[in-house]
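Architecture and fold: a report
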Amino acid sequence: MQTFFVEIKCHLGRTYAVASALAEAEIASEIYSTAGSFDVLAKFHVDDGVDVGHFVGEKVHRIPGIADTRTLITFKAF
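Residues numbered from 1 in each chain as written. Predicted model: local features only at pLDDT ≥ 70, side-chain atom pairs only at ≥ 80, totals over all residues. Heavy atoms only, no water.

**Quick notes on the overall build of the protein**
Of regular secondary structure, the protein possesses 2 helices and 4 strands. For the protein, the succession of helices and strands along the chain, N to C, is β-α-β-β-α-β. Taken against the 2.2 N^0.38 rule, which gives 12 Å for 78 residues, the C-alpha radius of gyration of the protein at 12 Å falls within 12% of a compact globule. Dimensions along the principal axes, computed over C-alpha positions, put the protein at roughly 35 × 25 × 20 Å. Looking at the protein as a whole, 31% of its 78 residues qualify as buried. Side chains of the protein give 7 positive and 10 negative charges; the mean places of these two sets differ by 4 Å. (Helix = DSSP H or I, 4+ residues; strand = E, 2+ residues; numbered from the N terminus. Rg over C-alpha atoms; globule rule 2.2 N^0.38 Å. Buried < 20%, exposed > 50% of the residue type's maximum accessible area, 1.4 Å probe, protein only. Lys, Arg positive; Asp, Glu negative; His and termini not counted. Charge placed at Lys NZ, Arg CZ, Asp CG, Glu CD.)

Okay, structure coming up:
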């Protein structure tokens, strides 16, 4: 199992719509609103061997209202 986070910058006024769409798609294990450079932080788990870049491009970037993303790959939980 691979775990990664995606920081999401939303178009103005679209943060809650983006977060709701992520929740409805049931692809993220956790979704948070944040302050700072990005508006939403989402945590994902995918099976080993799944291409994270392809997953983000196909599942996350298609959500309307997303302006930009930054993906953080994780190695180990402590």
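Having seen the model, we can carry on.
**A few points about unusual backbone geometry**
Phi at Glu-26 is positive, roughly 55 degrees, even though this residue is not glycine. Residue position: Glu-26 is located in the loop between helix H1 (15–25) and strand E2 (30–33). You can call Glu-26 exposed: its relative accessible area is 71%.

**A word on the side chain of Glu-7**
In this structure, Glu-7 sits in strand E1 (residues 2–10). At a separation of 2.6 Å, a polar atom in the side chain of Glu-7 contacts the side chain of Arg-70. Setting aside residues up to four positions removed in sequence, Glu-7 forms contacts with Phe-38, Val-40, Leu-41, Asp-68, Thr-69, Arg-70 and Leu-72. (Polar contact = N/O pair within 3.5 Å; in protein donor to acceptor, adjacent residues only side chain to side chain. Contact = heavy atoms within 4.5 Å.)

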